[in-house]
Amino acid sequence: MKIAVCVSQVPDTTTKVKVGSDGKTIDPAGVTYIINPYDEFAVEAALQLKEKNGGETVVVSVGKDSNKEAIKKAYAMGIEKGILVKSDSEMDSYAVARNLADVLKEINADVILFGKQSIDYDDSQVGSLVAEMLGLPSISVAVTLNIDGNTVTCEREIEGGKEVVESSLPVAITAQRGLNNPRYPNLKGIMAAKSKAIEERQPTFTENKTETISMSLPKPKSKGKIVGTDVSAVPELVKLLREEAKVI
Amino acid sequence: MSKILAFVESRDNRIKNSGFETASTAVKLAAELGLEAEAILIGNAVANTAAELGAYGIKKVLIAEDPKLEKYSTTAYSKILAEAAKASGADIIILSATAMGKDLSPRVSAKLEAGLVADCTEIKTEGGNIIATRPVYAGKALIDVKVTSPVKIFSLRPNVFKPVAVDGVSAEIEQHNPGITDSDLNVKVKDVIVSDEKLDVTEANVVVSGGRGLKGPENFYLVEDLAKVLGGAAGASRAIVDAGWRPHSDQVGQTGKTVSPSLYIAVGISGAIQHLAGMSSSKCIVAINKDKDAPIFQIADYGIVADALEIMPALTEEFKKVLSN
Ligand SMILES: Cc1cc2nc3c(=O)[nH]c(=O)nc-3n(C[C@H](O)[C@H](O)[C@H](O)COP(=O)(O)OP(=O)(O)OC[C@H]3O[C@@H](n4cnc5c(N)ncnc54)[C@H](O)[C@@H]3O)c2cc1C
Ligand SMILES: Nc1ncnc2c1ncn2[C@@H]1O[C@H](COP(=O)(O)O)[C@@H](O)[C@H]1O
């Protein structure tokens, strides 16, 4: 079984966001970058499929040289081969997906795994875009994954429940938290990942379909009201919610 | 001529709230741009709900019906939506960023080579252009975006765009032949598992969430009771999801769900940056926490600094009293 997994590199969840000098993207100064948390579920799923069915695993990322760190994290967890489509320009999800699709067409994997969303732009687009570009079925926000012969079954999260979705190989899956418990790389894996080669490629597509005009920070909230420090504050709180905030 | 097409989601042949939001937003944008707005309903017997869209100013509803479309299929629905847009000459498509909308919109985007702005919280027009605002970095920043491709797709964050009723228009119905084959149903929903009929945090108008300050899972009923009285949903911080008190589907935050209810009540939640990421766009935030320096108070509109275990029963009783008057 051939398994591909796509990973992105994103600012750590504790990042304090500042707008950069271009007014359109964040100021990278002092930001720590990590592999997109949802992509760890995708990498783990890829490794489990390989352990069960045999075969080969490959990780693909599109972006700056620093995305190699995300590829190395995937290596440290056990992925065998890595490809970076190297580009310093800001690509939107469409452009990223086109580049991934061009690489993945060649790889011809049975299963392509993604995270359900990148926690930088929170787009939730790339997995389904790539699937459509390759003419493949896709299942997004998967919390379970079962492959039986040529049939794939996943549960995916929807509002107030889950859908049981069935499809066939080859397939694209986007991973939601809960799909598995990503393994911690061991020291040997981390050391081996450091020196392992990463294939670099040029982007095949750079034309964005969306354009960011400006980035801003949300308006700071005016300081709230402490209504009280014991049970006697309860009627006052309810009154404020009804009469001042008018939300009840 | 160019047109706006709203994808209207239904469940069990009833239009979802998010469907009225897309229809109404399409009507508003069409009025500003001097275009026409149409809606499309896809499913099994959905035609009888079409009339409801007239109340929001939709003049024409495309109906794509087939028993095979009873349950959602990403491949079939995306094909129908893309082809309906082409056939009707729509070059602006509005969806909702629901589980279905998020799954469907990128596939339509790829089919129509159209730029997609996902999860918008505001849409305005400027000199004939559409400018969409969307949160990024889990709401720590906002970007204004425009689409540069000829066909443009926007998905709306649920619960943010309030549907506006207009004076009675009756919606004309037009059948759109779905023309799907078995190969279009390559991805099929076999079954839907409803979690005990419970309201999802992303769909609720009031969310009451509990955190580690509740001390133990045996006290979580305090949160559920209040949520019930307010007709809302119960949410959770990651700390108590990781501790196994609550399922992950209830987690609010950066790696959980993003909610924007009218009222969010955080009970015994410290307000870590990853939690705030999922709820800071709520209209009114109430915090109950015994630590006056807890970060949650920095974004709360109202707070009580006290033991949640004492406050909650009284708060639930008070709401019961007030709401029954
Ligand atoms: C990659 C990553 C992703 C994450 N994603 C999320 C996410 O999606 N959602 C999320 O919620 N967290 C997330 N977190 C975790 C987050 O950092 C916090 O650890 C978590 O939100 C804390 O949960 P809590 O507020 O319930 O617990 P705590 O931080 O322990 O806070 C408990 C609070 O209860 C108060 N308290 C104690 N006793 C009482 C009492 N008797 N009455 C009233 N108040 C009391 C305390 O003063 C304290 O403020 C993430 C972390 C990481 C690293
Ligand atoms: N630059 C990228 N390179 C490789 N994979 C990516 C990239 N951006 C997004 N992805 C994949 O697509 C998923 C969804 O991302 P997004 O649509 O940006 O929210 C991520 O979890 C990754 O698996």
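Residues numbered from 1 in each chain as written. Chains lettered and ligands numbered in written order. Predicted model: local features only at pLDDT ≥ 70, side-chain atom pairs only at ≥ 80, totals over all residues. Heavy atoms only, no water.

Quick look at the overall build of chain B
Selection rule: The numbering of helices and of strands both runs from the N terminus, where a helix is a DSSP run of H or I of at least 4 residues and a strand a run of E of at least 2. C-alpha atoms define the radius of gyration in this analysis, and the globule rule sets the expected value at 2.2 Å times the number of residues to the power 0.38. Burial here depends on accessible area, computed with a 1.4 Å probe over protein chains only, as a share of the maximum for the residue type. Under 20% is buried, over 50% is exposed, and the range in between is partly exposed. For this analysis, residues touch if any pair of their heavy atoms sits within 4.5 Å. The positive count covers Lys and Arg only, the negative count covers Asp and Glu only, and His and the chain ends enter neither. The location of each charge is read from NZ of Lys, CZ of Arg, CG of Asp or CD of Glu.
Scanning chain B for helices and strands turns up eight helices and 18 strands. The globule rule puts the C-alpha radius of gyration for 325 residues at 20 Å, and the 21 Å found for chain B is close to it. With the C-alpha coordinates aligned to their principal axes, the bounding extent of chain B is approximately 60 × 45 × 40 Å. When the 325 residues of chain B are sorted by exposure, 61% land in the buried category. The contacts in chain B between residues at least 6 apart in sequence include a share of 64% that link residues at least 24 apart. When the 35 positive and 40 negative side-chain charges of chain B are each reduced to one mean point, those points stand 4 Å apart.

Description of the packing of aromatic side chains
Let me state the cut-off plainly: Each Phe, Tyr or Trp ring, with Trp reduced to its six-membered ring, pairs with another whose centre is within 6.5 Å; inter-plane angles below 30 degrees give stacked pairs, above 60 give edge-to-face pairs, and intermediate values give tilted ones.
All chains considered together, the criterion is met by five aromatic pairs over all chains. Ring geometry for Tyr94(A) versus Phe205(A): centroids 6.2 Å apart, planes at 45°, classification tilted. Pair noted here: Tyr94(A) is in helix H3 (residues 93-107) and Phe205(A) is in the loop between strand E12 (199-201) and strand E13 (210-216), with a separation of 111 residues, a long-range link. Each member of the pair, Tyr94(A) as well as Phe205(A), carries the same accessibility label: buried. For the ring pair Tyr72(B) and Tyr77(B), a centre distance of 5.0 Å and an interplane angle of 80° mean the geometry is edge-to-face. Take Tyr72(B): its relative accessible area is 7%, and that puts it in the buried class. A residue is classified by how much of its surface remains accessible, and Tyr77(B), at 4% relative accessible area, is buried.

Quick notes on the pairing of strand E9 (residues 129-136) of chain B
Residues and elements named next belong to chain B. Applicable threshold: Two strands qualify as a pair provided DSSP detects at least 2 bridges between them.
Counting buried positions along E9 yields seven of eight residues, so the element is predominantly enclosed. Bridge count between E9 and strand E10 (residues 141-147): five bridges; the pairing is antiparallel. Note that in E10 the partner of Arg 134 across the bridge is Ile 143. Once E9 ends, the chain turns through four residues before running back antiparallel as E10, passing Tyr 137 with a positive phi of about 50°.

Quick notes on the domain arrangement of chain B
It is common to report an interface's size as the accessible area lost on association of the parts. All names here are of chain B. This is how the line gets drawn: Domain segmentation is taken from an automatic or database assignment of domains. Buried area: the accessible surface (1.4 Å probe) lost by two parts on joining, summed over both. Note on definitions: salt bridges are taken to be side-chain nitrogens of Lys or Arg within 4 Å of carboxyl oxygens of Asp or Glu. Any N or O atom pair separated by 3.5 Å or less is treated as a polar contact, with the protein-specific requirement of one donor-capable and one acceptor-capable atom, and with residues adjacent in sequence counted only for side-chain atom pairs. Just so you know the grouping, Ala, Val, Leu, Ile, Met, Phe, Trp, Tyr, Cys and Pro go in nonpolar, Asp, Glu, Lys and Arg go in charged, and all remaining residues, Gly too, go in polar.
Along its sequence, chain B is carved into domain 1 (3-185) and domain 2 (206-324). For domain 1 versus domain 2, the separation of C-alpha centres amounts to 33 Å. Contacts between domain 1 and domain 2 engage seven residues on the former and seven residues on the latter. Summed over both sides, the interface between domain 1 and domain 2 buries roughly 550 Å², with carbon and sulfur atoms accounting for 47% of that surface. When the area that domain 1 buries against domain 2 is broken down by residue, the three leading residues are Ala 138, Lys 140 and Arg 157, summing to 67%. Where domain 1 meets domain 2, there are zero salt bridges. At the junction of domain 1 with domain 2, the criterion picks out zero residue pairs in polar contact (both at pLDDT 80 or more). Across the side of domain 1 that touches domain 2, the residue classes break down as three nonpolar, one polar and three charged.

Notes on the environment of Gln117(A)
Residue and element names in this part refer to chain A. Note on placement: Gln 117 falls in the loop between strand E6 (111-115) and helix H4 (126-134). Note on Gln 117: relative accessible area 13%, which makes it buried. Taking the C-alpha atoms as reference, Gln 117 lies 9.8 Å from Ser 140; in sequence the two are 23 residues apart. Looking at Gln 117, its side chain comes within polar contact range of the side chain of Lys 116, at 3.4 Å. Within the local environment of Gln 117, its side chain forms a polar contact with the side chain of Asp 122, the two groups lying 3.1 Å apart.

Observations regarding the sheet that holds strand E15 (residues 233-236) of chain B
Adjacent strands of a sheet form backbone hydrogen bonds with each other and so pair up, either parallel or antiparallel. To keep things clear, this is the line we draw: Axis angles are defined between N-to-C directions and span 0 to 180 degrees, where every axis is a line fitted to C-alpha atoms and, for a helix, only to the segment in contact.
Taken in spatial order, the six strands of this open sheet run E14(A)-E18(B)-E17(B)-E16(B)-E14(B)-E15(B), and their pairing is parallel. Two strands in the sheet have a free side with no partner beyond their single neighbour: strand E14 (225-228) of chain A together with E15 of chain B. Across the sheet, the mean angle from the axis of one strand to that of its neighbour is 20°, orientation sign disregarded. Two strands pair when backbone bridges link them, and strand E17 (residues 284-288) of chain B and strand E18 (residues 302-304) of chain B are joined in this way by three bridges, in the parallel orientation. Across the sheet, the residue bridging to Ile288(B) is Ile304(B), located in E18(B). Strands E14 of chain A together with strand E16 (263-267), E17 and E18 of chain B of the sheet are contacted by helix H6 (residues 234-243) of chain A, whose axis makes an angle of about 170° with E18(B). Lying over the sheet, helix H4 (residues 221-229) of chain B contacts strand E14 (206-210), E15 and E16 of chain B, oriented at roughly 175° with respect to E14(B).

Focus on the site of ligand 2
Residues and elements named next belong to chain A. Worth spelling out the cut-off: One heavy atom within 4 Å of a molecule or strand is enough for the residue carrying it to be called near that molecule or strand. Each accessible area is a Shrake-Rupley estimate made with a 1.4 Å probe; only the visible protein chains count as cover when residues are assessed.
Within the structure, ligand 2 sits among 18 residues, and Cys 6, Asp 39, Val 62, Ser 118 and Gln 125 are positioned closest to it. A distance of 3.3 Å is found between an oxygen atom of ligand 2 and a backbone nitrogen or oxygen belonging to Asp 123. Bound to the protein, ligand 2 loses 94% of the 480 Å² it would expose on its own. Within the residue set of the shell around ligand 2, elements represented by two or more residues are strand E4 (56-63), H3 and E6.

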